[in-house]
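Structure at a glance
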Amino acid sequence: MSQTIAFIGLGNMGGGMAANLLKNGFAVRAFDLSEEALAKAAEAGAVRCASAAEAVSGADAVVTMLPAGKHVEAVYTGEVFGAAKADALFLDCSTIDVATARRVEEAAAGKGFEMVDAPVSGGIAAANGGTLTFMVGGSDQAFGRARPILSAMGKAVIHAGGAGNGQAAKICNNMLLGATMVATCETFAMAKKLGLDPQTFYDISSVSSGQSWSMTSYCPVPGVGPQSPSDNGYQGGFAVGLMLKDLKLATEAAASVGASVPMGNAAESLYQLLANQGEAGRDFSLMIEMLEGK
Ligand code: NAD
């Protein structure tokens, strides 16, 4: 018999993820505060529910894809714990702070439920296409139960360790990405001022020790490297506002464990400046224009 999944949070990411569960034979009971998101999910074949508790009742597993830690904690403690059947599995795929992820997982365990944190790498296109990467925190047993559900929505499902380790992996990766993107942008801006042609510098650095994903897969200079948001007016891709959210989570987590992250802190301040200029919705490689003083 096919498994029934309660899906809570069917926004930009959750909508496509729920549609992929349906395509892979799962039944989906959907709830979102937004009428529009709910209508789209129903169109894809999900059962509309009037509350999170209603979506969860009778479901074998609960998947949440919500904006931030406060929403995740409120939904689980306020509705999911009280309405879920005894052996239901919980999967939070939102990007949230490590401390809240661990607190909610501990509270779930206290009620006898298994739970994983399973944040994703990949944006809306990967959510729609079922090609997300999931980084998963939780026990071996919870990971084993979660894997077939996550595999229906992604191309890679990786166990990162115990509770909260999925979130830890996500923010560490994105802090590194934020820092390398800033470094790549300032370097191209400086190379140009020193009289180097950007394509020539790319040809040299992309096969030298300065190479990084930010350069060779997502070059911030229009017309240089493979196709990327810089070739499209910095539209689409990974928004400045989302990078800033992840950098804030990373630097907060760093402070909570006494980790020294000067590059992460610098990247956060620079992305905050870019967001303050009204650019939160454009792609994060737009950093190069700010550093060039455009
Ligand atoms: P979104 O704002 O489009 O969707 C969130 C949805 O949650 C909305 O539809 C909202 O109505 C709903 N919601 C909020 N509170 C709720 C509640 N109490 N009960 C039910 N529904 C509620 O956001 P998104 O872009 O889909 O992002 C979701 C998560 O995925 C975030 O944590 C984000 O950081 C992460 N993420 C996003 C991307 C991306 O490219 N958009 C990439 C990786 C990770």
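Keep in mind the model is a prediction, meaning the values are calculated, not measured.

1. Some points on the overall build of the chain
Counting secondary structure elements, the chain contains 13 helices and nine strands. Taken over the C-alpha trace, the chain has a radius of gyration of 20 Å; the compact-globule value for 294 residues is 19 Å, and the two agree within 12%. Considered along the principal axes of its C-alpha atoms, the chain spans approximately 65 × 45 × 35 Å. When burial is assessed residue by residue, the chain has 48% of its 294 residues classed as buried. Considering only contacts within the chain whose residues lie at least 6 apart along the sequence, 64% involve residues at least 24 apart.

2. Describing the domain arrangement of the chain
The assigned domain composition of the chain is domain 1 (4–161) and domain 2 (168–291). Averaged C-alpha coordinates put domain 1 and domain 2 at centres separated by 29 Å. If you look at the interface, domain 1 gives nine residues, while domain 2 gives 10 residues. The residue makeup of the side of domain 1 that touches domain 2, split by class, is five nonpolar, three polar and one charged.

3. Remarks on the UniProt feature "domain: 3-hydroxyisobutyrate dehydrogenase-like NAD-binding" (unreviewed entry) in the chain
Residues given the UniProt feature "domain: 3-hydroxyisobutyrate dehydrogenase-like NAD-binding" (unreviewed entry) here are residues 164–291. A distance of 35 Å separates the end C-alpha atoms of residues 164–291, which is 64% helix and 0% strand.

4. Considering the packing of helix α8 (residues 165–193) against helix α12 (residues 262–279)
Look at α8 against α12: their axes get within 9 Å of each other, and the N-to-C directions meet at 70°. Viewed along their axes, α8 and α12 adopt a mutual orientation that is roughly perpendicular. For the pair α8 and α12, the sense of crossing is left-handed. The segment α8 lies against α12, with Met175, Gly178, Ala179 and Val182 engaging Met263, Gly264, Ala267, Leu270 and Tyr271. Its residues assigned to classes, the contact of α8 with α12 shows seven nonpolar, two polar and no charged.

5. Observations regarding the nonpolar core
Of all hydrophobic cores here, the largest spans 96 residues; its most connected members are Val62 and Leu91. Here this core gathers at least three residues from each of two domains, domain 1 (4–161) and domain 2 (168–291). Those residues within four positions of Val62 in sequence are excluded, and the remaining contacts are Ala6, Ile8, Val56, Val80, Ala84, Ala88, Phe90 and Leu91.

6. A closer look at the site of the ligand
Near the ligand there are 25 residues, and of these Gly9, Gly11, Asn12, Met13 and Gly123 occur at the shortest range. Elements with a minimum of two residues in the shell around the ligand: α4 (69–83) and α11 (240–257). Class assignment for the residues of the shell around the ligand results in 14 nonpolar, nine polar and two charged.

Analysis parameters
- Residues numbered from 1 in each chain as written.
- Predicted model: local features only at pLDDT ≥ 70, side-chain atom pairs only at ≥ 80, totals over all residues.
- Helix = DSSP H or I, 4+ residues; strand = E, 2+ residues; numbered from the N terminus.
- Rg over C-alpha atoms; globule rule 2.2 N^0.38 Å.
- Buried ≥ 20, exposed ≤ 12 C-beta atoms within 10 Å, placed from the backbone.
- Contact = placed C-beta atoms within 7 Å.
- Domains from an automatic or database assignment.
- Nonpolar A, V, L, I, M, F, W, Y, C, P; charged D, E, K, R; others polar.
- UniProt positions renumbered as here; feature names shortened; annotations may be inferred.
- Axes fitted to C-alpha atoms, helices over the stretch in contact; angles between N-to-C directions.
- Parallel < 35°, antiparallel > 145°, perpendicular 65-115°, else oblique.
- Left-handed = near helix turned anticlockwise from the far one by under 90°.
- Core = buried A, V, L, I, M, F, W, Y, C linked by C-beta atoms within 7 Å.
- Near = placed C-beta within 6 Å.

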